[in-house]
Amino acid sequence: MQEAAGVLKEGFLVKRGHVVHNWKVRWFVLLQDKLLYYKFEGGKKESSPKGRILLDGCTITCPCLEYENRPLLIKLRTKTNTDYFLECCSREERDSWALDITGAIHAGHPVQVQELHRMKNSFKLLENISLHHIVDKMRDSSTGIKLTRNLEQGNRYKETFTGSALVDWLISNSFAVSRFEAVTLASMLMEENFTKPVGTRSIEAMRYSDLSEQFLDDSTALYMFAESSKKMLSSKEELQFNISELSGMIVKQGFLVKQGHKRKNWKVRKFVLRADPAFLHYYDPTKEENKPVGGFSLRGCLVSALEDNGVPAGVKGNVQGNLFKIITKNDIHYYMQASSKAERTQWIEAIKPLT
């Protein structure tokens, strides 16, 4: 899974199928004129691509909010009008992929690249903008912002949205052109008490930051409509979600390949590392519900890299390398595979202080 010559970017993305609209994790490789995608079976990338997306004449939509439960999508439309939907694991990763794909699409057209950079940094809010009108649109049951139970950082409210989700929504609905503009609008909504921060991250920013940095374009900062604060989770709902495990601050998230406990098969999972309390949860990225399929406390865990020469004991299959292992205090062994040595190091260094 190391970068080859001519490769601009590579990594896991979740792709919508063409015939059957199911979602599958694929390994994507961005070249100057095309995007290749590969199946990942038995802990290894297949040698031949499963398909390719030709970038000449492509248009890109990001943010793309066509799927309510998949807010981190990029949409590519080829010049033959074929639509591809690609999902990333975080807002930051999505924007990084979108920027690199856009650069590849317009590589031969420097004027278009300049215009894209100008728009990205644009700051020119609509004249006579009505915050009341924006809030009415945000509340629309079909096209408004999606409200969810973001069970992070001690949040106990039913109807919340993240800072990044609001910025995406404002851009998608043409209230803003750039993220900078959208953050300014979102800050105005907060100043005028239409929205308010909830959860540690956003409340601290409100309390301690300069006025220009009080609203966070961040997928871990939570907000809500100011008058929704009466709708709280019942203790029954909290138990169902195991809210204390999910209440910690998100430290790192990303795709890793994990070996199953029973069948020892390798599956791509989205991992979310939280601190305070320290937990590592993993999710099935092909499913729409944002609930962990597994997870464990990091207290008393041991984490270490596994050498790439040969297959270590406990590991099954012809794996690609970049392996690391976590042993819980109950002596359960988890084997994970990162997409590069550097990424493996980042995960280990993020986990170690929390054990």
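Details of the structure are given in the entry above.
Residues numbered from 1 in each chain as written. Predicted model: local features only at pLDDT ≥ 70, side-chain atom pairs only at ≥ 80, totals over all residues. Heavy atoms only, no water.

> Teacher, can you tell me more about unusual backbone geometry here?
For the bond from Cys-62 to Pro-63, the omega torsion is 5 degrees, close enough to zero to count as cis. Topologically, Pro-63 is positioned in strand E7 (residues 59–64). Asp-276 connects to Pro-277 through a cis peptide bond whose omega is 5 degrees. Along the chain, the position of Pro-277 falls in the loop between strand E14 (266–275) and strand E15 (279–283). For Asp-276, which is not glycine, the phi torsion reads 60 degrees and is therefore positive. The topology assignment puts Asp-276 in the loop between E14 and E15. Despite not being glycine, Asn-322 shows a phi value in the positive range, around 60 degrees. (Helix = DSSP H or I, 4+ residues; strand = E, 2+ residues; numbered from the N terminus.)

> I tried to follow the nonpolar core on my own but got confused; where do I start?
Generally speaking, a soluble globular protein has its nonpolar side chains buried in company with each other. Formed by 26 residues in total, the largest nonpolar core has its most connected members in Ile-134, Met-138, Leu-166, Leu-170, Leu-189 and Phe-215. Where this core is concerned, the elements lending two or more residues are helix H3 (131–138), helix H4 (163–172), helix H5 (179–191) and strand E12 (222–225). With 6 residues, H5 is the single largest residue contributor to this core. Here Phe-215 is in contact with Gly-163, Leu-166, Val-167, Val-183, Ala-186, Ser-187, Met-190 and Tyr-223, once residues within four sequence places are set aside. Core analysis: the second largest hydrophobic core is formed by 24 residues, Val-7, Cys-89, Val-268 and Leu-323 among them. (Core = buried A, V, L, I, M, F, W, Y, C linked by side-chain atoms within 4.5 Å. Buried < 20%, exposed > 50% of the residue type's maximum accessible area, 1.4 Å probe, protein only. Contact = heavy atoms within 4.5 Å.)

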